[in-house]
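# Tertiary structure, described
Here is how the chains run, residue by residue.
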Amino acid sequence: MGPVVAVVGGGQLARMMAAPAGALDIHVRALVEADDGAAAQVLPDAPVGAADDEEALTRVTRGAQVLTFEHEHVPYALLAGLEADGVAVRPGSRALRAAQDKIHMRRVLTELGVPCPRWAEVNSVADLAAFGDEIGWPVVLKRPVGGYDGKGVRIVHSAQEGADWAAEGALAEETVDFRSELAALLARRPSGQVQTWTTVQTTQVGGVCSEVISPAPDLEDDGAGEAARIARTIAEGLDVTGVLAVEMFHTRDGRLLVNELAMRPHNSGHVTIDATVTSQFEQHLRAVLDLPLGRTEQLVPWAVMVNVLGSQLADPTKAYPELMERYPEAKVHLYGKSVRPGRKLGHVTVTGDDLPHLRRVARAAADLLEGR
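A brief structural summary. (Residues numbered from 1 in each chain as written. Predicted model: local features only at pLDDT ≥ 70, side-chain atom pairs only at ≥ 80, totals over all residues. Heavy atoms only, no water.)

All right, on to empty space enclosed by the protein then. Tallied over the entire structure, the rule returns one cavity of 30 Å³ or more. In this structure, the largest cavity is lined by Leu 185, Trp 197, Thr 198, Val 200, Ser 214, Ser 268, Gly 269, Val 271, Thr 272 and Thr 276. Its residues placed into classes, the lining of the largest cavity shows four nonpolar, six polar and no charged. (1 Å grid on protein atoms, 1.4 Å probe; cavity = no way out; pocket = protein on both sides within 12 Å on 5 of 7 lines; lining within 4 Å. Points joined across faces, edges and corners; volume = space filled by probe spheres on them. Nonpolar A, V, L, I, M, F, W, Y, C, P; charged D, E, K, R; others polar.)

On the surface, Asp 52, Asp 53, Glu 54 and Asp 85 cluster together into a patch of negative charge. In this structure, Asp 85 sits in the loop between helix 3 (76–84) and helix 4 (93–100). Among the residues examined, Asp 85 registers a relative accessible area of 64% and is labelled exposed. (Patch = residues over 30% accessible without salt bridge, like charges linked within 9 Å, V, L, I, M, F, W, Y side chains within 5 Å. Areas by Shrake-Rupley, 256 points an atom, 1.4 Å probe, with all protein chains shown as cover. Salt bridge = Lys/Arg side-chain N within 4 Å of Asp/Glu carboxyl O. Lys, Arg positive; Asp, Glu negative; His and termini not counted. Charge placed at Lys NZ, Arg CZ, Asp CG, Glu CD. Helix = DSSP H or I, 4+ residues; strand = E, 2+ residues; numbered from the N terminus. Buried < 20%, exposed > 50% of the residue type's maximum accessible area, 1.4 Å probe, protein only.)

With that settled, the discussion passes to the pattern of salt bridges. Under the defined criterion, the tally for this structure stands at 24 salt bridges. Between Arg 59 and Glu 55 there is a salt bridge, with its nearest N and O atoms 3.2 Å apart. One end of the pair is Arg 59 and the other is Glu 55, both in helix 2 (residues 54–61) and four residues apart, which spans about a single turn. Of the residues examined, Arg 59 reaches a relative accessible area of 39% and is grouped as partly exposed. One network of salt bridges, with partners in common, ties together Arg 106, Lys 142, Glu 173 and Glu 260.

Estimates place the volume of the second largest pocket at around 170 Å³. Along the walls of the second largest pocket sit Arg 15, Met 16, Ala 19, Pro 20, Ile 273, Ser 279, Phe 281, His 333, Leu 334 and Tyr 335, which together make up its complete lining. Secondary structure elements with two or more residues in the lining of the second largest pocket: helix 1 (12–23) and strand 15 (331–334). Considering only residue class, the lining of the second largest pocket consists of seven nonpolar, two polar and one charged.

Below, the discussion takes up the sheet that holds strand 2 (residues 27–31). Judged by pairing direction, the sheet is parallel, and its three strands sit side by side in the order 2-1-3 without closing on themselves. Either end of the sheet is taken by a strand with one partner, and the two such strands are strand 2 and strand 3 (66–69). Looking at each pair of strands side by side, their axes are set apart by 30° on average, direction ignored. When strand 1 (residues 4–8) meets strand 3, the two strands line up parallel, connected through four bridges. Paired with Val 7 across the bridge in strand 3 is Thr 68. The strands touched by helix 2 are strand 1, strand 2 and strand 3; relative to strand 2, the strand with the most contacts, the crossing angle is about 175°. (Pairing = 2+ DSSP bridges. Axes fitted to C-alpha atoms, helices over the stretch in contact; angles between N-to-C directions. Contact = heavy atoms within 4.5 Å.)

Moving on to the environment of Pro 20. Counting through the fold element by element, Pro 20 comes out in helix 1. For Pro 20, a relative accessible area of 12% gives the class buried. Residues Pro 20 and Met 1 lie 19 residues apart in sequence; the distance between their C-alpha atoms is 15 Å. In this structure Pro 20 touches Phe 281, Glu 282 and Leu 285, once residues within four positions along its chain are discounted.

Time to look at helix 1. By the criterion of burial, helix 1 is predominantly enclosed, with nine of the 12 residues buried. Taken residue by residue, helix 1 has Gln 12, Leu 13, Ala 14, Arg 15, Met 16, Met 17, Ala 18, Pro 20 and Ala 21 as its buried positions.

Moving on: the sheet that holds strand 4 (residues 119–122). Spatially, the four strands line up as an open sheet ordered 4-7-5-6, and their pairing is antiparallel. Pairing within the sheet leaves two strands with one partner each, and these edge strands are strand 4 and strand 6 (153–156). Looking at each pair of strands side by side, their axes are set apart by 25° on average, direction ignored. Sheet topology places strand 5 (residues 139–142) next to strand 6; four bridges connect them, and they run antiparallel.

What follows covers the pairing of strand 12 (residues 242–251). Burial analysis of strand 12 places nine of its 10 residues in the buried class, the great majority of the element. When strand 8 (residues 178–188) meets strand 12, the two strands line up antiparallel, connected through 10 bridges. By the bridge assignment, Ser 180 is partnered in strand 12 with His 250. Taken together, the six bridges between strand 12 and strand 13 (residues 256–262) define a ladder with antiparallel strand orientation. Pairing of Glu 247 across the sheet is with Glu 260, part of strand 13.

Attention shifts here to the nonpolar core. Here is a general trend for soluble globular proteins: nonpolar side chains tend to be buried in one another's company. Leu 67, Ile 234, Leu 238, Met 248, Val 258, Leu 261 and Met 263 are the most contacted members of the largest nonpolar core, which has 43 residues in total. At six residues, helix 8 (residues 221–238) tops the list of elements feeding residues into this core. Ala 21, Ala 30, Leu 285 and Tyr 335 belong to the second largest nonpolar core, which has 22 residues in total. (Core = buried A, V, L, I, M, F, W, Y, C linked by side-chain atoms within 4.5 Å.)

Applying the stated criterion to the full structure yields one aromatic pair. Ring geometry for Phe 178 versus Phe 249: centroids 5.1 Å apart, planes at 25°, classification stacked. Remark: Phe 249 occurs in strand 12 and Phe 178 occurs in strand 8; sequence separation between them is 71 residues. Relative accessible area serves as the criterion here: at 30%, Phe 178 is assigned to the partly exposed category. Residue Phe 249 is classed as buried on the basis of its relative accessible area of 10%. The ring centre of Tyr 76 lies 5.9 Å from the NZ or CZ of Arg 97, which sits over that ring. Positioned above the aromatic ring of Trp 165 is the side chain of Arg 154, whose terminal nitrogen or guanidinium carbon lies 4.8 Å from the ring centre. (Phe/Tyr/Trp six-rings, centres within 6.5 Å; stacked < 30°, edge-to-face > 60°. Lys NZ or Arg CZ within 6 Å of the ring centre and 35° of its normal.)

Remember that the coordinates give geometry; whether it matters functionally is a separate question.
As structure tokens, this is what we get:
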């Protein structure tokens, strides 16, 4: 048996590590939330346990060369304890903390000189009022920990509107006037090698990623280079290992401002499965094992990925006959999840040289899976 990689989390990201792991004879052992979840359906070694259970984390790492993650929701103290016991945790607890705590993230990015929206830690209505009056309303208010896919984020137009979150302690940020949202992805191994993918454009609906276009169509070469430089500054400054996704705003006056970080494979990188030399999932495994990284060039002029968010079909695979007949160029990836409104059930990727056509096909194929 090849090297063993322990993964915390049993969702679609761990599931999509299975194919490249099998090709490379890497044994992935995932600590999953349920024995019928997305990852457990395709990974034979998938013990059930909670990400905040010290005993479960200890068990899943036994015999593994490295521990990595498909989500950030593991207590910092537990990770630091595993590192003290000699477990190779990648990314390490110090790096991962910046993806777990948004206030800490803003502090360390500011120290690194990374461009961010104007921000402040607020602990009272008075703090929030002072910030909003200084930079202008409305203000984006974020819970420091636990939020994802639009959860834990509000736009408030007055201090009183955000009084409840401010009293609990929150991150306040300026509302950014942006023309597009971007994501810069890279992978870094412990020995320092870095490989960067092309910067992509993302579109959010209700705070959830809906569409990804690679490369970002309205980003000049200088902007793409700046996005990659920012991502590399963060990866090296925080000593990130594995895949790092840096979500950014591209402002109307041409600036790039960092919005969020993810230190794992990311929704914006799913397009790499079908469009680049090395997918983010294979690269993440190589990086955390400190193996030489694969090339990241995009093999086609354009790639478009559209998420399948919920469905009116109890079983989205019932759409396969029509979808595959009408759109044979579409690559479908479903995650084995039960249907719920708005839930990420899968994605569709289409590649080629006609961007408007690719966007229409990817959207139409996803619509069929959504039962539209």
